[in-house]
Amino acid sequence: MNNDKNVTSTVGHLIDGKIVADTARTQPVFNPATGQSTTNVALASKATVEEAIASAEKAFPAWRNTPPLKRARVMSKLKVLLEENADKIAALITAEHGKVLADAHGELQRGIENVEYASYAPELLKGEHSRNVGPNIDSWSEFQALGVTAGITPFNFPAMVPLWMWPMAVACGNTFVLKPSERDPSSALLIAQLALEAGLPPGVLNVVNGDKEAVDTLLQDPRVKAVSFVGSTPIAEYIYAEGCKNGKRVQALGGAKNHAIVMPDADISNAVTALMGAAYGSCGERCMAVPLVVTIGDDTADKVIEALKVEISKMKVGPGTDNSNDMGPLVTKQHFEKVKAYVDAGVAEGAKLVVDGRGVKVAGHEEGYFLGACLFDDVKPGMKIYQEEIFGPVLGVVRAKNLQEAMKLIDDHEYGNGTCIFTRDGEAARYFTDHIQVGMVGVNVPLPVPVAYHSFGGWKRSLFGDLHAYGPDAVRFYTKRKTITQRWPSAGVREGTMFSFPSSR
Ligand code: NAD
């Protein structure tokens, strides 16, 4: 429990349409730009999570039977409310996560697009129909809701990632229990309250804040039929194994280490501009960030590094509340120390630190978790800074001789979330997109994040499960297929007993 006298509020839970305190266990939520905490978050007990699951179970039968068009109308109304409250939501994101306001608005906009997609539910749930699969026999598949579903989300997109999950889940007729990140919980809670205002009945969406105790309760409770997770790979792997062991459907999206390839024929200035945003935007705390650039040939490497140095020298680091800053602080003090330790490790391992952001100071924000942009040259595959996800403003240049060598590096890496190639060579781009072992691929697009009507997911140890997040895959994830074969016998079609398996002749 945080007894700090500066703490003036506690973020609770939303259960059955009401805010529930449950403050027996709490932890502070920090403003990363100041290093101060004025808010606590309640950490739900097993009993509180069970209360949320019970509320979702109670709400399910009526919500399942609510016509999809009426469910979709709630999503349309929510979209409007999210737009009207965008400034308030973005301010909460910036205060707890640290990212620059414009970036917080960008994340919210991508979240709203998922709400918009969920408002097409009646179209998406139409199913498949075949008439006369046999004489006077019709067959169809429908997609039925699962029941209570749950989502566990990471700190880095506190508004968007929850919106990847629950709008589609509830639009498909399920009820939902969301467990947001305890590091920046407020925006997800506010959005859930707006969903109530939009007409979502109490209990259809519940929010429990908390830690492992809350997550384990969701994983073990037999009333929860499916779990969506987004976070780091060790936890994703745990969620997948535990959830599957307990008979649930699970999709668990994990960490990343995305490589960008710069070919010798690329438009270097365009590539470098794109790489700046991809490497340092949101302080590198994005699962689609580009922390590694593989340059083809030493000449390309030298040009890219020189141009990056110039761009980095122009960057402004400071509080996210000031939109003229390019980069805010890292999310917590622990994460700040961890990222700094990676930079130290890179130096110790022999990579060349071309730009060192460790000394950055922001006047008036001396307690904030600010780290400047760091740039390494000569990063090698065996190094810790090559292998591990740093999740900070640290970009490493890996020098390769040719495209094959670069692609082998990517394919050999444990993660396979995103990647991209900068080139003017259509043949090389086509070969790359066709063969690379990664789930989301860009050509001259540094952050190939699929739009809401496609689906999002990596390969290898960046995703455990079969279906990707949001978009068409979410319709499949949050529904069960049922196939019905129907015949209405009439005098004209009565047949004798059949002992052999019917075939369509
Ligand atoms: P995290 O794994 O620490 O936490 C994610 C969620 O899991 C949180 O809600 C947290 O409370 C819960 N959790 C943490 N430890 C747990 C435990 N031992 N048992 C049960 N639950 C636990 O991740 P994070 O630091 O919040 O987020 C950053 C990570 O998320 C990065 O690795 C990033 O790549 C990844 N990420 C991936 C994607 C993707 O789409 N693949 C998107 C965003 C973030």
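Residues numbered from 1 in each chain as written. Predicted model: local features only at pLDDT ≥ 70, side-chain atom pairs only at ≥ 80, totals over all residues. Heavy atoms only, no water.

1. Focus: the packing of aromatic side chains
Thinking step 1. Inspection of every chain in the model, using the stated rule, returns seven aromatic pairs.
Thinking step 2. Centroid distance Tyr240 to Phe464: 6.4 Å. Interplanar angle 35°. Geometry classified as tilted. Of this pair, Tyr240 sits in helix H9 (residues 233-245) while Phe464 sits in strand E22 (residues 463-464), placing them 224 residues apart in sequence.
Thinking step 3. On the basis of relative accessible area, Tyr240 is assigned to the partly exposed category, the value being 26%.
Thinking step 4. Owing to a relative accessible area of 12%, Phe464 belongs among the buried residues under this scheme.
Thinking step 5. With a centroid separation of 5.1 Å and an interplanar angle of 80°, the aromatic rings of Phe477 and Tyr478 are classed as edge-to-face. Grouping residues by exposure puts Phe477 and Tyr478 together as buried.
Thinking step 6. Here the aromatic cluster, defined as three or more aromatic residues joined through ring pairs, consists of Trp164, Phe456 and Tyr470.
Thinking step 7. Geometry around Phe143 places Arg476 over its ring, the cationic atom sitting 4.1 Å from the centre. (Phe/Tyr/Trp six-rings, centres within 6.5 Å; stacked < 30°, edge-to-face > 60°. Helix = DSSP H or I, 4+ residues; strand = E, 2+ residues; numbered from the N terminus. Buried < 20%, exposed > 50% of the residue type's maximum accessible area, 1.4 Å probe, protein only. Lys NZ or Arg CZ within 6 Å of the ring centre and 35° of its normal.)

2. Some thoughts on the UniProt feature "domain: Aldehyde dehydrogenase" (unreviewed entry) in the protein
Thinking step 1. UniProt's feature table lists "domain: Aldehyde dehydrogenase" (unreviewed entry) at residues 22-484, given in the numbering used throughout.
Thinking step 2. Helix makes up 42% of residues 22-484 and strand makes up 21%, while its end C-alpha atoms are separated by 46 Å. (UniProt positions renumbered as here; feature names shortened; annotations may be inferred.)

3. Things to note about helix H8 (residues 212-220)
Because each turn of an α-helix spans 3.6 residues, side chains separated by three or four positions in sequence point in the same direction.
Thinking step 1. Among all positions of H8, only Ala214, Val215, Asp216, Thr217, Leu218 and Leu219 are buried.
Thinking step 2. Against helix H1 (46-64), strand E8 (148-152), strand E9 (175-179), strand E11 (224-230) and H9 lie the buried residues of H8. (Contact = heavy atoms within 4.5 Å.)

4. Structural notes on the nonpolar core
Among soluble globular proteins, nonpolar side chains are generally buried collectively.
Thinking step 1. Counting 68 residues, the largest nonpolar core has Trp164, Trp166 and Leu200 as its most contacted members.
Thinking step 2. When residues of this core are assigned to their parent elements, the largest contribution, 10 residues, is made by helix H6 (residues 160-171).
Thinking step 3. Two domains each donate at least three residues to this core, and these are domain 1 (9-254 + 462-483) and domain 2 (259-443).
Thinking step 4. Leu200 has contacts with Trp63, Val74, Met75, Trp166, Val170, Ala195 and Leu205, leaving out every residue within four places of it along the chain.
Thinking step 5. Formed by 62 residues, the second largest nonpolar core is a distinct cluster that contains Val262, Ala266, Leu409 and Ile436. (Core = buried A, V, L, I, M, F, W, Y, C linked by side-chain atoms within 4.5 Å. Domains from an automatic or database assignment.)

5. Thoughts on the sheet that holds strand E5 (residues 36-42)
Thinking step 1. In spatial order, the strands read E1-E5-E4; together these three strands make up an open sheet with mixed pairing. Here the strands that pair on one side only, and so sit at the sheet edges, are strand E1 (9-11) and strand E4 (26-31). Sheet twist, expressed as the mean angle between neighbouring strand axes with direction ignored, is 40°.
Thinking step 2. Both E4 and E5 contribute to a ladder of six bridges, which runs antiparallel. Opposite Gln27, over in E5, you have Val41 as the bridge partner. (Pairing = 2+ DSSP bridges. Axes fitted to C-alpha atoms, helices over the stretch in contact; angles between N-to-C directions.)

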